[in-house]
Amino acid sequence: MRITISDIKADVGSIAGHCRPHPLQLEAAKKVLKEAVDKGTIIDFYVTRVGDDIHLIMTHDKGEDHPDIHGIAWNAFKEATSVAKKLGLYAAGQDLLSDAFSGNIRGLGPGAAEMTFEERPAEPVVILMADKTEPSAFNLPLARIYADPFTTTGLVIDPRLHDGFIFEVVDVIDHKRIKLSTPEELHDLLTLISDTTRYAIKRIFSKNEKIGIAAVVSTEKLNITAGRYVGKDDPCAILRAQSGLPAVGEILQPFMFPHLVAGWMRGSHHGPLYPCCVDDSDPTFFDGPPRLVAIGFQIKEGRLVGEENPDSSPVGEHKPIDYFKGSVFDHARRIAAQIAEYMRRHGPFMPEIVPPEELEYTTRPSVLKKLEERMEKL
Ligand code: 13P
Ligand code: 13P
Ligand code: MG
Ligand code: MG
């Protein structure tokens, strides 16, 4: 059975700062998705959040970029925006940059990660959702998962992974893309993706055509789509696991190292990526540190399966694995908190603050203009 899984996300308002959506917003979104199941447009769904971003995870047979699926997401975000406006939530409708939907949410503000594949008899899927950062924040961990044998031992010892993976990388500024094959082109790949201001991994493919797509990342960049800086595009990624793909444990291992990413307060700082559960994803320290949540489902005939009983649970009501809930990741959180505090001691100085051209807010042009006449030639 060929299945598409879509994670479409947006921030349409939150309680008391850029913290968390109101439960009534999530309810409003669920209602729209439930109706879509009743009409037969989607098979199943799960609505969740990381920080202030609402994620609509949907399974269906319509393929990627389908106007019906994007339309459902748009309507759900519109309904959640209405709730935000009614309750006077902060930044109501923040990521809906247009009043009119034109068949695809790309370019309109929300982000989307979508993948289509032939469902295997057991299909484990991990969804990574990050708040207060950008899509290229996934470059480093994805390189570790799919191209680093010191992370994924399967690349060495499992004949099904031994040939490596193909990475599709996008240049988010020139809107170009390239496919690179690893391990042969690993150094070329790293030359590009180590520049996180410009290159982002979009997709990763197994070299076994029967398996096909392995991972996909949302790479819409709000500050570019809108033609001006309006916010970092908090990213998400969908990763299939096991049986010829990295094991779930190999997927999660890189997040024990809280690497520095761009985002955080006003989208203008560098901070450690903090792995946490959904409930702990409120960004509380300087609007951060940037949060990462990982949830896991099995997919069976398009139905999402968590800990619930699929025969008796209402559609959309799931209990996925919330991977970073466990105490072992306390270690990473403690390190991340230390790094966050260390970085903050730099105040507004680089490298804590992003380079001038990446700032989402800036007073530079007006300050430079004001001081222009007093600037003396050396
Ligand atoms: P698979 O061979 O099914 O991917 O399982 C490997 C595994 O779970 C290692 O932890
Ligand atoms: P969000 O992009 O998560 O809304 O955060 C915006 C911000 O400026 C936080 O300081
Ligand atoms: Mg926000
Ligand atoms: Mg956000």
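How each quantity is defined
Residues numbered from 1 in each chain as written. Chains lettered and ligands numbered in written order. Predicted model: local features only at pLDDT ≥ 70, side-chain atom pairs only at ≥ 80, totals over all residues. Heavy atoms only, no water. Helix = DSSP H or I, 4+ residues; strand = E, 2+ residues; numbered from the N terminus. Buried < 20%, exposed > 50% of the residue type's maximum accessible area, 1.4 Å probe, protein only. Contact = heavy atoms within 4.5 Å. Polar contact = N/O pair within 3.5 Å; in protein donor to acceptor, adjacent residues only side chain to side chain. Core = buried A, V, L, I, M, F, W, Y, C linked by side-chain atoms within 4.5 Å. Salt bridge = Lys/Arg side-chain N within 4 Å of Asp/Glu carboxyl O. Pairing = 2+ DSSP bridges. Axes fitted to C-alpha atoms, helices over the stretch in contact; angles between N-to-C directions. Near = heavy atom within 4 Å. Areas by Shrake-Rupley, 256 points an atom, 1.4 Å probe, with all protein chains shown as cover. Donors = N, O, S within 2.8 Å, 3.2 Å for Na, K, Ca; no water.

Draft legend 1. Examining the environment of Ser-206 more closely. By the element assignment, Ser-206 lies in strand β8 (residues 199–206). According to the relative accessible area criterion, Ser-206 is buried, its value standing at 7%. Residues Ser-206 and Glu-301 lie 95 residues apart in sequence; the distance between their C-alpha atoms is 22 Å. When residues no more than four places from it in sequence are discounted, the contact partners of Ser-206 are Phe-165, Ile-211, Gly-212, Ala-214 and Leu-245. A distance of 2.9 Å separates the side chain of Ser-206 from the backbone nitrogen of Asn-208, its partner in a polar contact.

Draft legend 2. Seen up close, the nonpolar core. One finds Leu-128, Leu-142, Tyr-146, Phe-165, Phe-167, Ile-204 and Leu-239 to be the most contacted residues of the largest nonpolar core, which totals 41 residues. When residues in this core are grouped by element, the largest group, five residues, is from helix α3 (residues 139–147). Counting 27 residues, the second largest nonpolar core, distinct from the first, contains Val-32, Ile-69, Ala-73 and Ala-76.

Draft legend 3. Region of interest: the pattern of salt bridges. The full count for this structure, using the stated rule, is 23 salt bridges. The salt bridge involving Asp-38 is made with Lys-34; its shortest N-O contact spans 3.2 Å. On the criterion of helical spacing, the pair formed by Asp-38 and Lys-34 is a turn pair, its members being four residues apart in helix α1 (residues 23–38). What makes Asp-38 exposed here is its relative accessible area of 55%. Judged by relative accessible area, which is 34%, Lys-34 ranks as partly exposed. Residues joined by salt bridges that share partners form a network here, namely Arg-20, Arg-49 and Asp-282.

Draft legend 4. Representation of the sheet that holds strand β3 (residues 53–60) in the model. Spatial ordering of the open sheet is given by β2-β3-β1-β4, a layout of four strands whose pairing is antiparallel. Only two strands of the sheet have a single neighbouring strand rather than two, namely β2 (44–50) and β4 (111–118). Taken over all neighbouring pairs, the strand axes of this sheet differ in orientation by 15° on average, direction set aside. Sheet topology note: the β2/β3 ladder contains seven bridges and is antiparallel. For Arg-49, the partnering residue across the bridge sits in β3 and is Ile-54. Strands in contact with α1 are β2 and β3; relative to β2, the strand with the most contacts, it is inclined by about 165°.

Draft legend 5. Highlighting the site of ligand 1. Around ligand 1, the structure places Arg-160, Gln-242 and Ser-243. Residue Arg-160 places a side-chain N or O atom 2.8 Å away from an oxygen atom belonging to ligand 1. Within the backbone of Ser-243, an N or O atom sits 2.6 Å from an oxygen atom of ligand 1. Considering ligand 1 on its own, with 310 Å² of exposed area, one finds that the protein chains cover 42% of that surface.

Draft legend 6. Quick look at the coordination of the magnesium ion (ligand 4). For the magnesium ion (ligand 4), every protein donor is listed as Asp-52 (OD), Asp-53 (OD), Asp-131 (OD) and Asp-234 (OD), and the spread of their distances is 2.1 to 2.5 Å. In primary-sequence terms, the residues that donate to the magnesium ion (ligand 4) follow D-D-x77-D-x102-D. For the pair the magnesium ion (ligand 4) and the magnesium ion (ligand 3), the metal-to-metal distance amounts to 4.5 Å, and Asp-52 bridges them. Remark: Asp-234 occurs in the loop between α6 (222–225) and β10 (236–240) and Asp-52 occurs in the loop between β2 and β3; sequence separation between them is 182 residues. Comparing Asp-52 with Asp-234 shows no difference in burial state: the two are buried.

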